[in-house]
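Here is what each chain is made of, one letter per residue.
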Amino acid sequence: MLMDYKDRKYKRSKNYADSFKHAYTGIKTAVIEERNLRFHFCAAVVVIGLGFFYSITRTEWLVLVLCIFAVLVAEMTNTAIERAVDVATERFMEEAKKAKDIAAGSVLLVSTCAVVVGLIIFIPHILHFS
Ligand SMILES: Nc1ncnc2c1ncn2[C@@H]1O[C@H](COP(=O)(O)OP(=O)(O)OP(=O)(O)O)[C@@H](O)[C@H]1O
């Protein structure tokens, strides 16, 4: 059951600085507590390293950076949905399962896209290099 703002035990962010602090805390919490997100961060570091190694073009950097952020955003949204579902119910519920599975599916889709883009960008560089 939703409650009124006046009944809540916490206050809304007072200003942009507060909102930014909460967003930063969210990123920090997700990195510390979510193994999958740490994996995606490590993969991003490796891919950025490869980008410098093969001197990829400005357009390739653009696509790569978009893919990296898309995966990180999807993983964090998935985590937020999992947490929200866990707050809503501890019981086995078909709709809870669907919500979590769909959120996980979105991460799988965008990760697959990122892998395909990575292959399209790097395979020509690797072949040209060797
Ligand atoms: N309350 C629930 N009711 C029904 N099924 C659930 C419920 N909670 C979780 N599940 C099922 O268990 C799976 C794993 O849920 P869990 O919350 O442990 O995610 P996870 O394995 O930590 O996911 P991730 O690897 O993305 O962090 C869900 O994808 C869902 O299929």
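Being a predicted model, the structure only gives us computed values, none of them experimental.

Cut-off values and rules
Residues numbered from 1 in each chain as written. Predicted model: local features only at pLDDT ≥ 70, side-chain atom pairs only at ≥ 80, totals over all residues. Heavy atoms only, no water. Helix = DSSP H or I, 4+ residues; strand = E, 2+ residues; numbered from the N terminus. Buried < 20%, exposed > 50% of the residue type's maximum accessible area, 1.4 Å probe, protein only. Contact = heavy atoms within 4.5 Å. UniProt positions renumbered as here; feature names shortened; annotations may be inferred. Polar contact = N/O pair within 3.5 Å; in protein donor to acceptor, adjacent residues only side chain to side chain.

A. View of the environment of Glu-33. Looking at where Glu-33 falls in the secondary structure, it is placed in helix H1 (residues 16-33). Look at Glu-33 and you get partly exposed, because its relative accessible area is 47%. Linking Glu-33 and Thr-79, residues 46 residues apart in sequence, is a C-alpha distance of 9.8 Å. Among all residues touching Glu-33, those that are not within four sequence positions of it are Arg-38 and Arg-83.

B. A look at the UniProt feature "transmembrane region" (unreviewed entry) in the chain. In this structure's numbering, the residues bearing the UniProt feature "transmembrane region" (unreviewed entry) are residues 37-55, 61-81 and 102-127. Along residues 37-55 the backbone is 89% helical and 0% strand, and the end-to-end C-alpha distance reaches 26 Å. Across residues 61-81, helical content stands at 100% and strand content at 0%; the span's end C-alpha atoms are separated by 30 Å.

C. Just the UniProt feature "binding site: ATP" (unreviewed entry) in the chain, in detail. According to UniProt, the feature "binding site: ATP" (unreviewed entry) maps to Glu-34, Glu-82, Lys-100 and Asp-101 in the numbering used here. When you line up the elements, Glu-82 lands in helix H3 (residues 58-88). Judged by relative accessible area, Glu-82 falls into the partly exposed class, the value being 24%. Along the chain, Lys-100 falls in helix H4 (residues 94-129). Since its relative accessible area comes to 26%, Lys-100 is described here as partly exposed. In this structure, Lys-100 is in contact with Asn-78, Glu-82, Val-85 and Asp-86, ignoring residues within four places of it in sequence.

D. Focus on the side chain of Thr-79. On the secondary structure map, Thr-79 appears in helix H3. Here the side chain of Thr-79 touches Glu-75 through a polar contact of 2.9 Å, landing on its backbone oxygen.

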